[in-house]
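The residues making up each chain are set out below.
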Amino acid sequence: MAGLIPKSFIHDLLDRADIVEIVDSRVPLKRAGRNYQACCPFHSEKSPSFTVAPDKQFYHCFGCGEHGNAIDFLMKFDGLEFPEAVEELAGIMGVEVPRETSANPQADARQRAQAADDYQQMEQAAKYFAHQLRNHAKSSQVIDYLKGRGLSGAVVKDFQIGYAPDGWDGLLLSLAKNHKDRQQLFDLKLVNRNENQRYYDFFRDRIMFPIRDRRGRVVGFGGRIITGDGPKYLNSPETRIFHKGRELYGFYEAKKAHKQLAQVVIVEGYMDVVALAQAGITYAVASLGTATTADQLQLLFRATTQVTCCYDGDRAGRDAAWRALENALPLLNDGLALNFLFLPDGEDPDTIVRKEGAEAFSARLQQAQSFIDYFFSHLTETIDVSSDAGKSMLLKQATPLIERVASEFYREELLNRLARLLRRETSQLKQQIKAPTSQHRRPEQLKMTPMRRAIGLLVQHPQLGREIPLHKELIELKQPGIELLLALHEQTQQQQLTTAQLLELWRDQPEEKALRQLASWEHHLDEEHVAQEFFDTFLYFIDQYMEQRASELLAKEQQAPLSKEEKQEYMVLLQYRSDRGKR
C-alpha cells in the first residue's frame, strides 16, 4: 500500500490553491457580491444556486447540497479518488506530492516508482509508434492509407496515431535494454512471450491508437490491421494500469478541445472517433470494444449533460445500445439526456461522416431517439401489446427497469408512457413502482442547538478561534459536542486556517459529515455580528460549566465536608454567578 499523503502537505496545497480558479477552469463562474455563482454542475437547475466562497475556499450548492473544498470539487467533477484529486491539484499548482513513511516504505517507494515507470514506458511506446509512422520503410504506404481514410496530418498528430512495424521485435529492441525491461513490457502487454520464453512484439503491422486516461497518460493501445488476415482490431489486454471498463478512447482529447462539453457522442471504434474529429465533431469517444459500462457513463455524465449512443443498426449494435441503457438507468438524474442513434446497415460514423459531411451527421444527432422512445421501442419489439398476455409481459419487464431510474421526471414520463400502452391510469402503476432514493435530495436541515451554532460559526469563520482564549476546563462540561468544539478551537488557535483547510483536517473522521453540514449552514448574520454571536454562545457554555461545577460542589458538601480549596472555588463560583446577574 502506498504511503499516505502528509496532512501538512494537503494543508499547504489548499493554502496555495484558489478554489475560484479551480472551479472556473471547469465551470464558468460569475461574481455575485463577495462570492461567485454558477448553475450547479452536479444537478440540473435554471437559476444558479452553486456558490463558491473565496474567503472560505469552499463551494456549496443550495439546491442539491454538494459542498467541499478544491480537492472535493476535483473528486466530484473529474470523477477522481482522493489521492488522484490531490495529485491533480498538485499538478495544477506545479508541486510534487510527497508520501509519509508507512510500515513498508521500501515497498511503497517501489510501487510508486513502478507506476511512474509504467506510464513513462507507455509514453515511450506511443512515441516509438509515432516515429515509425514517419520514418519506417512502409511509412509512405501507411500514410497513404490514412489519407485514403480522410485523415489529415493535424488529426493524426492530435491523437498521436502511429504505426507498429511488421517485424518480430522492433518495439522490444527499442525499449528493452535488459531482462527487467522485457518483463515490464510483457506486464504492460506491449510484448508477448512464447513457450520457448522468447519475447516478441504484441502489435505488428497495425495502425496504432494510444488510449489515454482522463489525466492524459497513455494506458493502452488499439491496433487496426491494414491488410491481410487477423482480427480487424487488436486491443491492449487489462494490465495493472489499464482497465478498459473505466477508460474511453478520445475522452482526454475531447476535454482538451472543449472547456465545457455540451454533448458527447459514444461510438464503437477508434477510426470513428478520429474521423468525426477530422470533420470537426470533436466530442466523440469510443468504449474500447465493450458495451458502455456504468463507470464510463458516470465519467461522461460528470463532464456533460447530453450523451448520444451512436451504434450500427445491426443486432450487435442494438444489443450494445440496450446494455448501455441498462447501465445508465441509475445514473440518469434530472437534467441529463441520453439519446440513441442507429445508423443504416453497413454504415458507421467513419463512413457516413465522410460520405455525408459533418452537417448531415450533426442533423442525424439532432434526430436521435430519446432514451424513453428507445426504451419502449426495444421492449415492444417482440411483444404484442394489443393482447392481455403482451400487456402483462410488458409490465413485468418494464417495472424493475423503471424502478432503477434515478430521475423523478424520467420515472414519471416512463410511467405515463407505460400507462398509455397498457391503457391504464398512471396512478394505478405508481402503486407498483418503488422509487429509488434520490442521489441529489436536499440536505437534511439540522436542528440548531447552541453547541451546533458555536461549531458552525467556528467552522465557517476559523479566525474566531484566535480571538478567545482556550478553556480546557470546559472538557468537563456535560454537553454533547463539547469535545469537538474544544478540538476545533485548539486547531483554529494554533494556526490560521480557511474553512477548507479546517474541514480537511477532519476528512474520514466520524465528525466529518456533521462538520460539512455546519459549514453549509446559513446563519443569516451580518458580517459585523458574527464574532459577537460566537462570543455570546461561548460565554453560554462557560456559564453552563460554572453552574455545573457549583452544583457538583454543593452536592458533595451534602455528603462530606469540602476541602479548603474546594470552599474557595465554591465562593469564586458564587461570585461569578452574582457578577453574571449584573451583566
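Residues numbered from 1 in each chain as written. Predicted model: local features only at pLDDT ≥ 70, side-chain atom pairs only at ≥ 80, totals over all residues. Heavy atoms only, no water.

Named according to an unreviewed UniProt entry, the protein is DNA primase originating from Pseudidiomarina sp. PP-1MA. Quoted verbatim from the Sequence similarities (unreviewed entry) field of UniProt, the annotation for the protein is "Belongs to the DnaG primase family." Of the comments in the UniProt record for the protein, the one headed Subunit (unreviewed entry) reads "Monomer. Interacts with DnaB." (UniProt positions renumbered as here; feature names shortened; annotations may be inferred.)

Q: When you look at the overall build of the protein in this model, what are you seeing that I'm missing?
A: A count of helical and extended segments in the protein gives 25 helices and 16 strands. Over its C-alpha atoms the protein spans a radius of gyration of 31 Å, topping by over 25% the 25 Å that the globule rule assigns to 583 residues. Projecting the C-alpha coordinates of the protein onto the three principal axes gives extents of approximately 105 × 70 × 50 Å. When the 583 residues of the protein are sorted by exposure, 48% land in the buried category. Sequence separation of at least 24 residues holds for 67% of the intrachain contacts in the protein that already meet a minimum separation of 6. Carbon together with sulfur atoms contributes 48% to the accessible area of the protein, which is approximately 28,800 Å² in total. With 74 positive and 81 negative side-chain charges, the protein shows a separation of 2 Å between the mean positions of the two kinds. (Helix = DSSP H or I, 4+ residues; strand = E, 2+ residues; numbered from the N terminus. Rg over C-alpha atoms; globule rule 2.2 N^0.38 Å. Buried < 20%, exposed > 50% of the residue type's maximum accessible area, 1.4 Å probe, protein only. Contact = heavy atoms within 4.5 Å. Areas by Shrake-Rupley, 256 points an atom, 1.4 Å probe, with all protein chains shown as cover. Lys, Arg positive; Asp, Glu negative; His and termini not counted. Charge placed at Lys NZ, Arg CZ, Asp CG, Glu CD.)

Q: When you look at the confidence of the model for the protein in this model, what are you seeing that I'm missing?
A: Caution is warranted with low-pLDDT regions, since their predicted coordinates should not be read in detail. Mean pLDDT for the protein: 87, with 94% of residues reaching 70 or above. Between the elements of the protein, mean pLDDT differs from a low of 76, seen in helix H25 (residues 564-581), to a high of 97, seen in strand S6 (residues 162-164). (pLDDT = per-residue confidence, 0-100.)

Q: What is the right way to look at helix H13 (residues 315-328) in this model?
A: Residues spaced three or four apart along an α-helix face the same direction, because each turn holds 3.6 residues. The terminal C-alpha atoms of H13, which comprises 14 residues, lie 20 Å apart, in line with the 20 Å expected from a rise of 1.5 Å per residue. Those residues of H13 that sit buried are Gly 317, Ala 320, Ala 321, Trp 322, Ala 324, Leu 325 and Ala 328. (Expected span 1.5 Å × (residues − 1).)

Q: Whenever I open this one, the packing of helix H14 (residues 349-356) against helix H15 (residues 358-366) confuses me. Can you help?
A: Two quantities define a packed helix pair, namely the angle between the axes and the distance from one axis to the other. In the contact formed by H14 and H15, the axes pass within 6 Å of each other and the chain directions differ by 125°. What the angle tells us is that H14 and H15 run oblique. Listed contacts from H15 to Pro 349, Ile 352, Val 353 and Glu 356 of H14 are Ala 358, Ala 360, Phe 361 and Arg 364. When its residues are assigned to classes, the contact of H14 with H15 shows six nonpolar, no polar and two charged. (Axes fitted to C-alpha atoms, helices over the stretch in contact; angles between N-to-C directions. Parallel < 35°, antiparallel > 145°, perpendicular 65-115°, else oblique. Nonpolar A, V, L, I, M, F, W, Y, C, P; charged D, E, K, R; others polar.)

Q: Is there a simple way to think about the pattern of salt bridges in this case?
A: Proximity of charged atoms lets side chains of opposite charge pair with each other. Throughout the structure, instances matching the rule amount to 22 salt bridges. With its nearest N and O atoms 2.9 Å apart, the salt bridge here joins Asp 213 to Arg 217. The salt bridge partner of Arg 507 is Glu 504, with a shortest N-O separation of 2.6 Å. The class of Arg 507 is buried, set by a relative accessible area of 9%. For Glu 504, a relative accessible area of 7% puts it in the buried group. Among the ionic contacts, a cluster of salt bridges with common partners joins Asp 72, Glu 504, Arg 507, Glu 512 and Arg 516. (Salt bridge = Lys/Arg side-chain N within 4 Å of Asp/Glu carboxyl O.)

Q: Help me understand the sheet that holds strand S2 (residues 35-38) in this model?
A: Paired through their backbone hydrogen bonds, the strands of a sheet run either parallel or antiparallel. Spatially, five strands are ordered S1-S2-S3-S4-S5 in an open sheet, and the strand pairing comes out antiparallel. Two strands in the sheet have a free side with no partner beyond their single neighbour: strand S1 (30-32) and strand S5 (67-68). Most of the contacts of helix H3 (residues 70-78) go to strand S4 (residues 58-61), to which it runs at about 50°, and overall it touches strand S3 (50-53), S4 and S5. (Pairing = 2+ DSSP bridges.)

Q: What should I look at first to understand the pairing of strand S14 (residues 306-312) in this one?
A: Look at any regular strand and the pattern is simple: side chains alternate between the two faces of the sheet. Where burial is concerned, most of S14 is hidden: five out of the seven residues are buried. Bridge analysis of strand S12 (residues 264-267) against S14 gives three bridges, and the strand direction is parallel. Counted as the bridge partner of Ile 266 is Cys 309 from S14. When S14 meets strand S15 (residues 337-343), the two strands line up parallel, connected through seven bridges. Within the sheet, the bridge partner assigned to Asp 312 lies in S15 and is Leu 343.

Q: I tried to follow the UniProt feature "zinc finger region: CHC2-type" (unreviewed entry) in the protein on my own but got confused; where do I start?
A: Taking the numbering used here, the UniProt-annotated feature "zinc finger region: CHC2-type" (unreviewed entry) corresponds to residues 40-64. The span residues 40-64 shows a helical share of 0% and a strand share of 32%, and its end C-alpha atoms are spaced 8 Å apart.

Q: Could you clarify how one ought to interpret the packing of aromatic side chains in this entry?
A: Each aromatic ring pair is specified by the distance between its two centres and by the angle formed by the two planes. Applying the stated criterion across every chain, the model contains 29 aromatic pairs. Residues Phe 42 and Phe 50 carry aromatic rings whose centres are separated by 6.3 Å and whose planes lie at 75° to one another, so their mutual orientation is edge-to-face. Comparing Phe 42 with Phe 50, the two get one shared label, buried. Ring centres 6.3 Å apart and planes at 75° place the aromatic pair Phe 186 and Tyr 199 in the edge-to-face group. (Phe/Tyr/Trp six-rings, centres within 6.5 Å; stacked < 30°, edge-to-face > 60°.)

Q: When you look at the sheet that holds strand S9 (residues 206-212) in this model, what are you seeing that I'm missing?
A: One open sheet accounts for four strands, arranged S6-S9-S10-S11; its pairing is antiparallel. Looking at the sheet topology across the chains shown, the edges are occupied by S6 and strand S11 (233-235). Within the sheet, the average angular offset between the axes of one strand and its neighbour, ignoring direction, is 35°. For strand S10 (residues 218-225) and S11, the ladder comprises three bridges, and the chain directions are antiparallel. Bridge pairing in S11 links Gly 223 to Leu 234. Along the sheet, helix H6 (residues 139-148) contacts S6, S9 and S10; its crossing angle with S9, the most-contacted strand, is approximately 70°.

Q: I keep staring at the layout of surface pockets and nothing clicks. Help me out?
A: Where empty space is left becomes clear once a probe the size of a water molecule has been rolled over the atoms. Computed from the structure, the largest pocket encloses a volume of approximately 1,800 Å³. Around the largest pocket, the lining is made up of 49 residues, and of these Pro 83, Glu 84, Glu 87, Arg 99 and Arg 215 lie nearest the centre. No other element matches helix H5 (residues 105-135), which puts seven residues into the lining of the largest pocket. Tallied by class, the residues present in the lining of the largest pocket amount to 19 nonpolar, nine polar and 21 charged. (1 Å grid on protein atoms, 1.4 Å probe; cavity = no way out; pocket = protein on both sides within 12 Å on 5 of 7 lines; lining within 4 Å. Points joined across faces, edges and corners; volume = space filled by probe spheres on them.)

Q: I keep staring at the side chain of Ser 236 and nothing clicks. Help me out?
A: Relative to the helices and strands, Ser 236 is located in the loop between S11 and helix H10 (251-257). Sequence-distant contacts of Ser 236, that is, excluding residues within four places in its chain, are made with Phe 203, Gly 220, Phe 221, Phe 242 and Lys 244.

Q: Just checking my understanding: could you explain the pairing of S3 for this structure?
A: A two-sided burial pattern is seen for S3, the buried positions comprising Phe 50 and Val 52 on one face and Thr 51 and Ala 53 on the other. Alignment of S2 against S3, held across three bridges, turns out to be antiparallel. From the neighbouring strand, Tyr 36 faces S3, where its bridge partner is Val 52. In the sheet, S3 pairs with S4 via four bridges, with the strands oriented antiparallel.

Q: How should the nonpolar core be read in this particular structure?
A: Looking at soluble globular proteins, one finds that nonpolar side chains tend to be buried together. Counting 111 residues, the largest nonpolar core has Phe 221, Tyr 249, Phe 371 and Phe 375 as the members making the most contacts within it. In this structure Tyr 249 touches Phe 159, Phe 209, Pro 210, Ile 211, Tyr 270, Val 273, Val 274, Ala 284, Val 285, Ala 286 and Leu 288, once residues within four positions along its chain are discounted. Grouped together as the second largest cluster of nonpolar side chains are 32 residues, Val 23, Tyr 36, Leu 74 and Val 97 included. (Core = buried A, V, L, I, M, F, W, Y, C linked by side-chain atoms within 4.5 Å.)

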